[in-house]
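What follows is the residue order along each chain.
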Amino acid sequence: MSDTDDEKEGPAVPLGDGPPVEGAPPARVASRLHYAVEKSEIIRREGETTIRTPEGPRELASVLEESEEVYFDTRQAFENAIHDVIGTGPVPTAEE
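Computed from a predicted model, the values in this text were never measured in an experiment.

(A) Expanded view of the packing of aromatic side chains. Overall, the coordinates contain 1 aromatic pair when judged by the stated rule. Both rings, one in Phe-72 and one in Phe-78, keep their centres 5.5 Å apart while their planes meet at 90°; by these two values the pair is edge-to-face. Assigned by exposure class, Phe-72 and Phe-78 land together as buried.

Structure below.
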């Protein structure tokens with residue numbers, strides 16, 4: 001299979017034409033951090049960031065305040081703590 005064959009197939013995941021979703025995916029925020037890191041440092045650096053949740057957009061600081069974790073030694077530990085608070089599931093889109 002050549003590179004041109006890949007280009008003809010299009011993206012691996014089809015992108016919808018619907019309205020944009022407010023907020024950043026939690027994984028994007030996690031990728032900007034260096035681990036190990038304390039919760040207070042994440043709040044200082046990224047606390048005002050709006051993240052996507054199944055219940056709609058939320059500020060990261062408010063999500064982290066609901067978590068009992070105070071230190072994240074790995075990216076996975078951070079993402080797990082976020083998902084323990086916000087849950088998992090589809091993220092609603094904005095209605096136009």
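(B) Geometry of helix α5 (residues 75-86). Helix length check: α5, at 12 residues, gives a terminal C-alpha distance of 17 Å against a target of 16 Å (1.5 Å per residue), a fit within 8%. Residues of α5 that are buried include every one of Phe-78, Glu-79, Ala-81, Ile-82 and Ile-86, and no others. Down the axis, α5 shows its buried residues gathered within 160° of arc, on one side only. On its buried side, α5 packs onto α2 (26-31), α3 (39-46), β2 (50-51), β3 (58-59), α4 (60-65) and β4 (71-72). Positive backbone phi, approximately 80°, marks Gly-87, located one or two places after α5.

Parameters at a glance
- Counting restarts for each chain, with residues numbered from 1 along the sequence as it is written.
- Since the coordinates come from a predicted model, pLDDT governs what is reported: local features require at least 70, and pairs of side-chain atoms require 80 or more to be given and counted, while whole-chain, interface and lining totals use all residues.
- With hydrogens and water set aside, each side-chain value is computed from the structure's full complement of heavy atoms.
- Pairs were defined over the aromatic rings of Phe, Tyr and Trp, the Trp ring being its six-membered one, requiring ring centres within 6.5 Å. Orientation was assigned from the angle between planes: stacked under 30 degrees, edge-to-face over 60, tilted for the rest.
- Exposure is judged per residue with a 1.4 Å probe applied to protein chains only, and the accessible area is read against the type maximum: over 50% gives exposed, under 20% gives buried, and values in between give partly exposed.
- Only DSSP runs of H or I reaching four residues or more are called helices, and only runs of E reaching two or more are called strands; each is numbered from the N terminus.
- Residue count minus one, scaled by 1.5 Å, sets the expected span of a helix.
- Taking the helix axis as origin, the arc is that swept by the directions to the C-beta atoms.
- Any two residues whose heavy atoms approach within 4.5 Å are treated as being in contact.

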